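Results of the structural survey
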Amino acid sequence: MIEVHTAKDIQKLAKNYRKKGKTIGFVPTMGFLHEGHMSLVKKARKDNDIVVMSIFVNPMQFGPGEDYDAYPRDLERDRTLAEEGGVDVLFTPGAEEMYQQESTVIVNVKKRTDVLCGRSREGHFDGVATVLTKLFNLTSPTRVYFGMKDAQQVAVVDGLLNDFFMDIELIPVDTMREDDGLAKSSRNVNLSASERSEAPALYQALQQGARLIREGERNPDAIKKEIRTLLEKTSGVIDYADIYSYPDLETMETLSGKIIIAVAVQFSKARLIDNIIVNIPLDQKEDL
Ligand code: PAF
């Protein structure tokens, strides 16, 4: 595995690979790697000649009072995991490398951000889209890999690639789950023992939502009500239990097409999020 720290080096390296006709799978991360990240690497390894991973805790996507300084970091361990997982090039820039001057241009995400996690994190997705634009320009990826656990981020990246005609294929990768259905996350370690036993309720509530849809329910409010009832049985505080079209993240009166059911619950020391995507077959009239 090669490790590079500068924008100039990664750009030169990536351009050379592409010139030689190699495909590049890019996995952007903020480090402190876990099984979720490694599943992205595994998929990228399968699909591409070269796998590039970046580890960069992006200050621009943290708001005032958020945990930029406290964000967990362990580069030594990450290096080992990346190498074992089959990463060819690890890009580990410092903040002064990625933001060399006061920004002249930033990417302002206009849609898909005022709901779900974006509602309480103003400017977060501008930071994500700006750093990803920089990283995509540096790593010349053929394909980019993102976990569906952050489905809103995937929707924003989809918009970024489409709006700016970026010739990059977006590969969303399914959420990894524990045996009891709880979505894997580094935050799960912050659950107390009793909270951990309650936490599978998030996925169970999502599944109940999907079940209602399968049984013919098309009213989002009825489904959200039932999901909330299940989540209220936990000791956590519900941040949201919402249903939108996906990836547009627009409110719907009657459910149809591709939709997302998403929940967020705040436990004492961990805020858990989860979602499922459901494809509702259009009826014949809508199909025409
Ligand atoms: O999902 C993340 O870890 C970050 O938002 C990303 C995509 C690496 C951009 O900083």
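Note that the structure is predicted; figures quoted are calculated from it, not measured. (Residues numbered from 1 in each chain as written. Predicted model: local features only at pLDDT ≥ 70, side-chain atom pairs only at ≥ 80, totals over all residues. Heavy atoms only, no water.)

1. Looking at the packing of helix α6 (residues 124-139) against helix α7 (residues 151-163)
Heads up, the rule is: Note on method: axes are straight lines fitted to C-alpha atoms, helices fitted across the in-contact stretch only, with angles between N-to-C directions ranging 0 to 180 degrees. Labels follow the DSSP assignment, with helices taken as runs of H or I lasting at least four residues and strands as runs of E lasting at least two, numbered in each case from the N terminus. Working rule for angles: under 35 degrees goes down as roughly parallel, over 145 as roughly antiparallel, 65 to 115 as roughly perpendicular, anything else as oblique. A clockwise turn of the near helix away from the far one marks a right-handed crossing, whereas an anticlockwise turn of less than a right angle marks a left-handed crossing. Residues are treated as being in contact if the distance between any of their heavy atoms lies within 4.5 Å.
One can describe the packing of α6 onto α7 by two numbers: an axis separation of 11 Å at closest approach and a directional angle of 55°. Judged by the angle between their axes, α6 and α7 are oblique. Pair α6 / α7 crosses with right-handed handedness. Contact residues: Phe-125, Val-128, Ala-129, Leu-132, Thr-133 and Phe-136 in α6; Gln-152, Gln-153, Val-156, Val-157, Leu-160 and Leu-161 in α7.

2. Remarks on unusual backbone geometry
For clarity, the cut-off: When accessible area is computed with a 1.4 Å probe and restricted to protein chains, residues below 20% of their type maximum are described as buried, those above 50% as exposed, and intermediate ones as partly exposed.
The omega torsion of the bond from Tyr-246 to Pro-247 falls at 10°, within 30 degrees of zero and hence cis. As for its placement among the helices and strands, Pro-247 is situated in the loop between β7 (237-245) and β8 (257-266). For Arg-112, which is not glycine, the phi dihedral falls at a positive 75°. Relative to the helices and strands, Arg-112 is located in the loop between α4 (95-98) and α5 (116-119). The backbone phi angle of Leu-116 is positive, close to 45°, even though this residue is not glycine. Leu-116 sits in the buried class, given a relative accessible area of 4%.

3. Notes on the UniProt feature "binding site: (R)-pantoate" (unreviewed entry) in the protein chain
The cut-off we apply is this: UniProt positions are given in the numbering used here, feature names are shortened, and annotations may be inferred rather than shown by experiment. Any pair of N or O atoms that falls within 3.5 Å is considered a polar contact. Within protein, one atom must be able to donate a hydrogen and the other to accept it, and sequence-neighbouring residues count only if both atoms are side-chain atoms.
The residues that UniProt annotates with the feature "binding site: (R)-pantoate" (unreviewed entry) are Gln-61 and Gln-153. A stretch of 93 residues holds the annotated residues, and the largest C-alpha distance among them is 11.8 Å, short enough that they meet in one place. Positionally, Gln-61 belongs in the loop between β3 (50-55) and α3 (75-85). Since its relative accessible area comes to 10%, Gln-61 is described here as buried. Beyond its immediate sequence surroundings of up to four residues, Gln-61 is in contact with Met-30, Glu-66, Arg-121, His-124, Gly-127, Val-128 and Val-131. Within polar-contact distance, the side chain of Gln-61 engages the side chain of Asn-58 at 2.9 Å. Inspection of the secondary structure puts Gln-153 in helix α7. Residues contacting Gln-153, with those up to four places away along its chain left out, are Phe-125, Val-128 and Phe-146.

4. What to know about the sheet that holds strand β6 (residues 169-173)
This is how it is decided: Any two strands between which DSSP finds at least two bridges are classified as paired.
With respect to topology, six strands assemble into an open sheet ordered β1-β4-β3-β2-β5-β6, the strand pairing being parallel. Each edge of the open sheet carries a strand with a single partner, namely β1 (2-4) and β6. Averaged over all neighbouring strand pairs, the angle between strand axes comes to 25°, with direction disregarded. Running at roughly 150° to strand β2 (residues 24-29), α6 makes contact with β2, β3, β4 (89-91) and β5 (143-147) of the sheet.

5. With respect to α7
Defined as follows: The span expected for a helix works out to 1.5 Å for each residue beyond the first.
For α7, spanning 13 residues, the distance from its first C-alpha to its last is 18 Å, which sits close to the expected 18 Å at 1.5 Å a residue. Most of α7 sits out of view: 10 of its 13 residues are buried. Taken residue by residue, α7 has Ala-151, Gln-152, Gln-153, Val-154, Ala-155, Val-156, Val-157, Gly-159, Leu-160 and Leu-161 as its buried positions. Residues of α7 that are buried sit in contact with α5, α6, β5, β6, β8 and β9 (271-280). Following α7 by one or two positions, Phe-165 adopts a phi angle in the positive range, close to 50°.

6. As for the environment of Ile-10
The topology assignment puts Ile-10 in helix α1 (residues 7-19). Sequence spacing of Ile-10 and Met-166 is 156 residues, and the spatial spacing of their C-alpha atoms is 19 Å. Among residues more than four places away in sequence, those in contact with Ile-10 are Val-4, Val-52, Val-89, Phe-91, Leu-138 and Thr-139.

7. Quick look at the packing of aromatic side chains
Short version of the rule: Note on aromatic pairs: the rings of Phe, Tyr and Trp (six-membered ring only in Trp) are paired at centre separations within 6.5 Å, and the planes decide the class, stacked below 30 degrees, edge-to-face beyond 60, tilted for the rest. To sit over a ring, a charge needs its Lys NZ or Arg CZ within 6 Å of the ring centre and within 35 degrees of the ring normal.
Tallied over the entire structure, the rule returns four aromatic pairs. Taking the centre distance of 6.2 Å and the plane angle of 85° together, the rings of Phe-26 and Phe-136 count as edge-to-face. Note that Phe-26 is positioned in strand β2 and Phe-136 in helix α6, a separation of 110 residues in sequence. Phe-136 shares its class with Phe-26; the two are buried. Pairing Phe-62 with Tyr-68 gives two aromatic rings, centres 5.4 Å apart and planes at 65°, and the pair type is edge-to-face. A relative accessible area of 25% places Tyr-68 in the partly exposed class. In textbook terms, an aromatic cluster arises when at least three aromatic residues are bridged by ring pairs, as seen for Phe-62, Tyr-68 and Tyr-71. We note Arg-77 situated over the ring of Phe-32; from NZ or CZ to the ring centre the distance is 5.7 Å. It is Arg-177 that lies over the ring of Tyr-203; its NZ or CZ is 3.7 Å from the centre.

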